[in-house]
Amino acid sequence: MTGSTREIGWGIAQALAKEGVQVIFHGLGEAEELERQRRTLAESSGVNVGLHQADISQAADVARLVEDTQRAMGGLDILVNNAGIQHVSPVEDFPAERWDAIQGINLNASFHTARAAIPEMKRRGWGRILNIASAHGLVASPFKSAYVAAKHGQVGLTKTIALELAETGITCNAICPGYVQTALVDAQIESQAQAHSLPREKVIRDIILAAQPTKRFVGVEEIAALVIFLCGDHARSITGAAIPIDGGWTAR
Ligand code: NAD
């Protein structure tokens, strides 16, 4: 499970562990803090939890992450590609290095993990590949060219993998959340409220959630619950789907 150290990834990792799934807890951060978090998850869930800190902007490190996971856990049945980054800028000013980093982490890493994990899943005749894309995998917003391109690419990759693996017992789906209230979004609310001298509630409703008809953030636990469902046997016919969980955003 890539990018599981905080926010959406942490919520999914906790939900999987609660269901008795052994988890490789992965992401960037301070080693001691991550080890503390790993231990907390292992103790609270009672399952085996490993820690990996591969930088998934590097293809070789992604391959190592999958190999180490298979060795540590004796296999890899569920792959969740969650790690992602964002940069906001008009196209003509968009730093080329940020474009490359976003494609590398948000799109290429999902290819490299799947490529490395599929042979073992095929041998076992069962697997679940879940790509945490975004509503921006289905529709665009201005100033987010790299993110929108990468997330649309991730949805295309999801469909292709699903078709290639359709008869193998392995499903591949993309989850497309709208806005989730993470620390990053919280900081945006504060800065917009100060910049425009507006109450927090107005910033949330009219600026941050302008495109989200429910005017409510998507909860991390809602995304985690969908992951758990898609990992179950009742979801075995759901493959190649890009499932919005976006408060109606992409219904417009
Ligand atoms: P976050 O920034 O809180 O966490 C990202 C995770 O990815 C962290 O664990 C981080 O360590 C890891 N990561 C980033 N770069 C990495 C690298 N080079 N190597 C290894 N790990 C790396 O993100 P979040 O807001 O929880 O979002 C998680 C996913 O959900 C992302 O793919 C994001 O695009 C998607 N998403 C988020 C929202 C939202 O509103 N927050 C909405 C839709 C989709």
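Residues numbered from 1 in each chain as written. Predicted model: local features only at pLDDT ≥ 70, side-chain atom pairs only at ≥ 80, totals over all residues. Heavy atoms only, no water.

A.B. asks: Which residues make up the sheet that holds strand 3 (residues 78-81), and what values go with them?
C.D. replies: Taking strand neighbours across the sheet as the criterion, the 4 strands line up as 3-4-5-6 in an open arrangement whose pairing is parallel. In this open sheet, the two strands that pair with only one neighbour each are strand 3 and strand 6 (242-245). Averaged over neighbouring strand pairs, the angle between their axes works out to 20° when direction is ignored. Alignment of strand 5 (residues 170-177) against strand 6, held across 4 bridges, turns out to be parallel. Residue pairing in the sheet places Pro177 in a bridge with Ile245 of strand 6. (Pairing = 2+ DSSP bridges. Helix = DSSP H or I, 4+ residues; strand = E, 2+ residues; numbered from the N terminus. Axes fitted to C-alpha atoms, helices over the stretch in contact; angles between N-to-C directions.)

A.B. asks: I'd love a proper account of the confidence of the model for the protein chain, names of residues and values included.
C.D. replies: Mean pLDDT for the protein chain: 96, with 100% of residues reaching 70 or above. At the low end of the mean pLDDT range in the protein chain sits helix 6 (residues 183-196), at 88; at the high end sits strand 5, at 99. (pLDDT = per-residue confidence, 0-100.)

A.B. asks: Can you tell me about the layout of surface pockets, naming the residues and giving the values?
C.D. replies: Here the largest pocket defines a volume of roughly 1400 Å³. Breaking the lining of the largest pocket down by element, the ones donating at least two residues are helix 1 (7-18), helix 5 (145-164), helix 6 and helix 7 (200-208). The element contributing the most residues to the lining of the largest pocket is helix 6, with 6 residues. Across the lining of the largest pocket, the residue classes break down as 24 nonpolar, 16 polar and 5 charged. No fewer than three residues from each of domain 1 (7-179 + 220-246) and domain 2 (181-217) sit in the lining of the largest pocket. Looking at the second largest pocket, its volume works out to about 360 Å³. In this structure, the second largest pocket is lined by 21 residues; those nearest its centre are Gln22, Thr69, Leu76, Asp77 and Ile78. Going through the elements one at a time, strand 1 (23-26), helix 3 (59-73), strand 3 and helix 4 (96-124) are the ones with two or more residues in the lining of the second largest pocket. Its residues assigned to classes, the lining of the second largest pocket comprises 13 nonpolar, 6 polar and 2 charged. (1 Å grid on protein atoms, 1.4 Å probe; cavity = no way out; pocket = protein on both sides within 12 Å on 5 of 7 lines; lining within 4 Å. Points joined across faces, edges and corners; volume = space filled by probe spheres on them. Nonpolar A, V, L, I, M, F, W, Y, C, P; charged D, E, K, R; others polar. Domains from an automatic or database assignment.)

A.B. asks: Now, about the packing of aromatic side chains: what can you tell me, with residues and values included?
C.D. replies: All chains considered together, the criterion is met by 2 aromatic pairs. Between Tyr179 and Trp249, the ring centres sit 5.5 Å apart and the planes meet at 10°, which makes this aromatic pair stacked. On the criterion of sequence distance, the pair formed by Tyr179 in the loop between strand 5 and helix 6 and Trp249 in the segment after strand 6 is long-range, its members being 70 residues apart. By relative accessible area, which is 21% here, Tyr179 ends up partly exposed. (Phe/Tyr/Trp six-rings, centres within 6.5 Å; stacked < 30°, edge-to-face > 60°. Buried < 20%, exposed > 50% of the residue type's maximum accessible area, 1.4 Å probe, protein only.)

A.B. asks: For the packing of helix 1 against helix 2 (residues 31-45), give the residues involved together with the corresponding values.
C.D. replies: Where helix 1 meets helix 2, the axes come as close as 9 Å, and the angle between the chain directions of the two elements is 30°. Considering the angle they form, helix 1 stands roughly parallel to helix 2. When you trace helix 1 past helix 2, the crossing you get is right-handed. Along its contact with helix 1, which presents Trp10, Ala13, Gln14, Ala17 and Lys18, the element helix 2 presents Gln37, Leu41 and Ser45. Here the residues of the contact of helix 1 with helix 2 are counted per class, giving 4 nonpolar, 3 polar and 1 charged. (Parallel < 35°, antiparallel > 145°, perpendicular 65-115°, else oblique. Left-handed = near helix turned anticlockwise from the far one by under 90°. Contact = heavy atoms within 4.5 Å.)

A.B. asks: Would you mind going over the pattern of salt bridges in detail, with residue names and values included?
C.D. replies: The full count for this structure, using the stated rule, is 14 salt bridges. The residue Arg98 makes a salt bridge to Glu97 at a minimum N-O spacing of 3.0 Å. For Glu97, a relative accessible area of 51% gives the class exposed. Measuring nitrogen to oxygen at the nearest pair gives 2.9 Å for the salt bridge that ties Glu120 to Arg124. Here Glu120 and its partner Arg124 are both found in helix 4, 4 residues apart, which amounts to about one turn of the helix. On the basis of relative accessible area, Glu120 is assigned to the buried category, the value being 18%. In this structure, a network of salt bridges that share partners links the residues Asp61, Arg64, Asp68 and Arg71. (Salt bridge = Lys/Arg side-chain N within 4 Å of Asp/Glu carboxyl O.)

A.B. asks: Please provide a residue-by-residue account of the environment of Val148, values included.
C.D. replies: Among the secondary structure elements, Val148 is positioned in helix 5. On a C-alpha basis, the gap between Val148 and Gly137 in space is 6.1 Å, while along the polypeptide they are 11 residues apart. Residues in contact with Val148, not counting those within four places in the same chain, are His136, Val139, Ala140 and Ser141.

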